[in-house]
Amino acid sequence: MLDSALSGLRTFILLAVLVVAVALAGTWGWKAMTAPFPQKVDVGPCADTPVKKGDTVYPSQVVVTVLNASTRAGLANRAITDLVDEGFVKGGTGNAPRGTKLRTVEVWAPDKDAPSAALVASWLGDAKIVETKIDRPGIVVITGEKFPEVEGGEKTVTAKADGTICSPPVE
């Protein structure tokens, strides 16, 4: 009789454990089935990419934004098209901040010694590199009234020091 009672108790415990396991698995499955699908995260037009001294930087690694500080309509679009044709990555276009006045062209960068700034400037004649922070992606080109043609720049530059460049994100 004791053997029969122990056998019944073991069966009851085994069934209870199985019921709990099935309930947990069902709860987990329901949560997984009703959870929203993961969304693609928008990382923006560029991501900071480390560059070491001696690394080669190519136009395809550099995001460029062009802002028009002149009265010539469409100048930023023409300039970005020319830069993209040379291999740079389009960051955007628009008008320069109010009060921005310049004769030819400036290249704005968070670090004036960045190889990406030097590479962009090489395509813009006598472009001056100005170290400044601006809420626009990549290297920012500011076009003035006497904006030169985009031509004759370097195909690559070599980083003279460790730093970062704003490169297109890897998807």
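Another aspect to go through is the sheet that holds strand β5 (residues 105-109). Taken in spatial order, the five strands make up an open sheet running β4-β3-β7-β5-β6, and their pairing is mixed. In the strand order of this sheet, the two ends are held by β4 (89-95) and β6 (128-131), each with one partner. The average angle at which neighbouring strand axes cross in this sheet is 25°, direction not considered. Across five bridges, the pairing between strand β3 (residues 63-68) and strand β7 (residues 139-143) is parallel. Pairing of V66 across the sheet is with V141, part of β7.

A word on the pairing of β5. The element β5 is extensively covered by neighbouring structure, given that five of its five residues are classed as buried. Burial of β5 is two-sided: the residues V105, V107 and A109 facing one way and the residues E106 and W108 facing the other way are all buried. Relative to β7, β5 runs antiparallel, the two being bridged by four bridges. From the neighbouring strand, E106 faces β7, where its bridge partner is I142. Pairing analysis gives four bridges linking β5 to β6, with the strands arranged parallel. Pairing of E106 across the sheet is with K128, part of β6.

Our next topic: the pairing of β7. Along β7, five of the five residues are buried, which leaves the element largely enclosed by surrounding structure. A two-sided burial pattern is seen for β7, the buried positions comprising I139, V141 and T143 on one face and V140 and I142 on the other.

Quick look at the side chain of S70 now. Tracing the chain through its elements places S70 in the loop between β3 and α2 (75-85). Residue S70 is classed as buried on the basis of its relative accessible area of 14%. A distance of 2.7 Å separates polar atoms of two side chains, one belonging to S70 and the other to N68. Contact partners of S70, with chain neighbours within four places excluded, come to L75, T143, G144 and E145.

Conventions adopted
- Residues numbered from 1 in each chain as written.
- Predicted model: local features only at pLDDT ≥ 70, side-chain atom pairs only at ≥ 80, totals over all residues.
- Heavy atoms only, no water.
- Pairing = 2+ DSSP bridges.
- Helix = DSSP H or I, 4+ residues; strand = E, 2+ residues; numbered from the N terminus.
- Axes fitted to C-alpha atoms, helices over the stretch in contact; angles between N-to-C directions.
- Buried < 20%, exposed > 50% of the residue type's maximum accessible area, 1.4 Å probe, protein only.
- Polar contact = N/O pair within 3.5 Å; in protein donor to acceptor, adjacent residues only side chain to side chain.
- Contact = heavy atoms within 4.5 Å.

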